[in-house]
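Letter by letter, the chains look like this.
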Amino acid sequence: MFTWDVFIHPTKYHDMSFLEIHNVKIKGISACVPSRVEETKDYSLMTEEEIQKYISSTGVIRKHRVKETQCTSDLCFVAAEKLISDLGWDKSEIGLLVFVSHTGDYKLPSTSCTLQQRLGLPTSCMAFDINHGCSGYLYGLSIIGNLLSAGTIKRGLLLVGNTQSKNVSFFDQSTYLIFGDAGSVTALEYAPENYDLMDFHFFTDGSEFESVYIPDGGYRHPITPSSFVMEEFGNGIKRNRTHLRMEGADVYSYANSYIPKSVQALIEHCNMDVATIDYLVMHQANKFLCERIRKKIKIPEEKTPYTFPDFGNTSGASIPLTMVLKLKEQLRVRDLDLLMATIGGGFSIASARLKTRGDIYCPELLILD
């Protein structure tokens, strides 16, 4: 169960939790979702009244789900090919590829290496994976931004996504109904002038990792025949040890308290005026949690775009997906002062301030058949 005494207040030792990046410009963001759509109202294990209550609380009306043969890398590949082409980038000039996901193609090798080959990037390209989920976009953005800021690598691609539908049990409405699949690509380049200013705050506590985890399938607990035995957890919930387990009450309590504290630490560190923020772009966890956090941070509804009604919780892809769907024109034509916040399994919290300088291209949402 969730305990409070193990946590360090995120502002107590905040000097080690901040990162500021200069000299890097975001040139484009693209996102891709699978064509298959599942409507929450069609879920057969709940009554119509229960479904309506669920939709009212979470806000998730539908989500996109991959086919059995499709992977996160396929979604990111489609998004990357489109963005590279539209930006007119020479692939031989892309020197960095970072893939952030819990759902890579293989245990070995890194999916970033297979994507380097599929995309036709040069063998001089530095490529690596980051094993992160819902907080993965901000972690990935900070890492690729920091690497590019030195100027020795001129252009890079950040590929972030998850196909969490592969990990959930149909008989567990706490996970099956909330997670959707998506992939995203952010193209960045070294720009010593007219760069986007990026500030980050990070907070990690692994003592409660079992609040969101998959018990079997790694090297700590390898797959055995018993891994596939369905267990009952009450309230009609059934899952096996290869399925995602999420203690919703613990996640909510943690996020509701510590995301606002992380954001406040960042606001104080950057000497920001919340009233001048253009948009708060949050990880699209669910309606209830996002609204509670928005109100704590004191950001108006009209400045908080949501995409969870049509896409559910798309894990690390949710922030770039929301930017593509809700902010694409503004990102292209004007400067924006954006506040971002997310929580991921681990627990892992990240918040960010992104001051863009316009000229960020976002193609229409891509669909993988």
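Reading the values: rules and limits
Residues numbered from 1 in each chain as written. Predicted model: local features only at pLDDT ≥ 70, side-chain atom pairs only at ≥ 80, totals over all residues. Heavy atoms only, no water. Phe/Tyr/Trp six-rings, centres within 6.5 Å; stacked < 30°, edge-to-face > 60°. Buried < 20%, exposed > 50% of the residue type's maximum accessible area, 1.4 Å probe, protein only. Axes fitted to C-alpha atoms, helices over the stretch in contact; angles between N-to-C directions. Helix = DSSP H or I, 4+ residues; strand = E, 2+ residues; numbered from the N terminus. Left-handed = near helix turned anticlockwise from the far one by under 90°. Contact = heavy atoms within 4.5 Å. Nonpolar A, V, L, I, M, F, W, Y, C, P; charged D, E, K, R; others polar. Pairing = 2+ DSSP bridges. Patch = residues over 30% accessible without salt bridge, like charges linked within 9 Å, V, L, I, M, F, W, Y side chains within 5 Å. Areas by Shrake-Rupley, 256 points an atom, 1.4 Å probe, with all protein chains shown as cover. Salt bridge = Lys/Arg side-chain N within 4 Å of Asp/Glu carboxyl O. Right-handed = clockwise from strand over helix to strand, strands pointing away.

Asks: Can you tell me about the packing of aromatic side chains, naming the residues and giving the values?
Replies: Applying the stated criterion to the full structure yields 13 aromatic pairs. Ring centres of phenylalanine 170 and tyrosine 176 lie 5.0 Å apart, and the angle between their planes is 80 degrees; this geometry places the pair in the edge-to-face category. The exposure class of tyrosine 176 is buried, given its relative accessible area of 13%. Consider the rings of tyrosine 306 and phenylalanine 308, whose centres lie 4.7 Å apart with planes at 35 degrees: the pair is tilted. The exposure classification of tyrosine 306 matches that of phenylalanine 308, with both residues buried.

Asks: Describe the packing of helix α6 (residues 248-270) against helix α7 (residues 287-297), naming the residues involved and giving the relevant values.
Replies: Interaxial distance between α6 and α7 falls to 10 Å at its minimum, and their mutual angle equals 30 degrees. For α6 against α7, the interelement crossing comes out right-handed. Here Tyr252, Ala255, Asn256, Ser257, Ile259, Pro260 and Val263 of α6 come into contact with α7, specifically with Phe288, Leu289, Arg292, Ile293, Lys296 and Ile297. The class makeup of the residues in the contact of α6 with α7 is 9 nonpolar, 2 polar and 2 charged.

Asks: So, the sheet that holds strand β1 (residues 18-21): which residues are in play, and what are the values?
Replies: As summarised here, the arrangement of the 5 strands in space is β1-β9-β16-β15-β14, forming an open sheet in which the pairing is mixed. Both edges of this open sheet fall to β1 and β14 (279-282), since each of them pairs with a single strand only. Pairs of neighbouring strands in the sheet enclose a mean axial angle of 15 degrees, with direction left out of account. Pairing geometry for β1 and strand β9 (residues 197-204), over 4 bridges, is antiparallel. In the strand pairing of β9, isoleucine 21 is matched with methionine 198. In the packing of α7 onto the sheet, contacts are made with β14 and β15 (335-344), and the angle to β14 comes to roughly 145 degrees. Those strands touched by helix α9 (residues 318-326) are β14, β15 and β16 (348-357), and its axis lies near 150 degrees from that of β15.

Asks: I'd like a description of the environment of alanine 275, backed by residues and values.
Replies: Take alanine 275: it is sitting in the loop between α6 and β14. We classify alanine 275 as exposed; its relative accessible area is 57%. For alanine 275 and proline 300, which are 25 residues apart along the polypeptide, the C-alpha to C-alpha distance reads 9.3 Å.

Asks: Report on a nonpolar patch on the surface, specifying residues and quantitative values.
Replies: A surface patch of nonpolar side chains, about 330 Å² in accessible area, is lined by Leu45, Phe170, Phe171 and Met230. The residue leucine 45 is located in the loop between β3 (37-39) and α1 (48-58) in this model.

Asks: So what about the pairing of strand β5 (residues 96-100)? Which residues, and what values?
Replies: Most of β5 sits inside the fold, with 5 of its 5 residues counted as buried. Of the two faces of β5, the one lined by Leu96, Val98 and Val100 and the one lined by Leu97 and Phe99 are each fully buried. One ladder, built from 5 bridges, connects β5 with strand β6 (residues 126-130); its direction is parallel. Considered in β6, the bridge of leucine 96 is made with methionine 126. In this fold, β5 hands off to helix α3 (residues 111-119), which returns the chain to β6; that crossover is right-handed. Sheet topology note: the β5/strand β7 (residues 155-162) ladder contains 5 bridges and is parallel. Across the sheet, residue phenylalanine 99 finds its bridge partner in β7, namely leucine 159.

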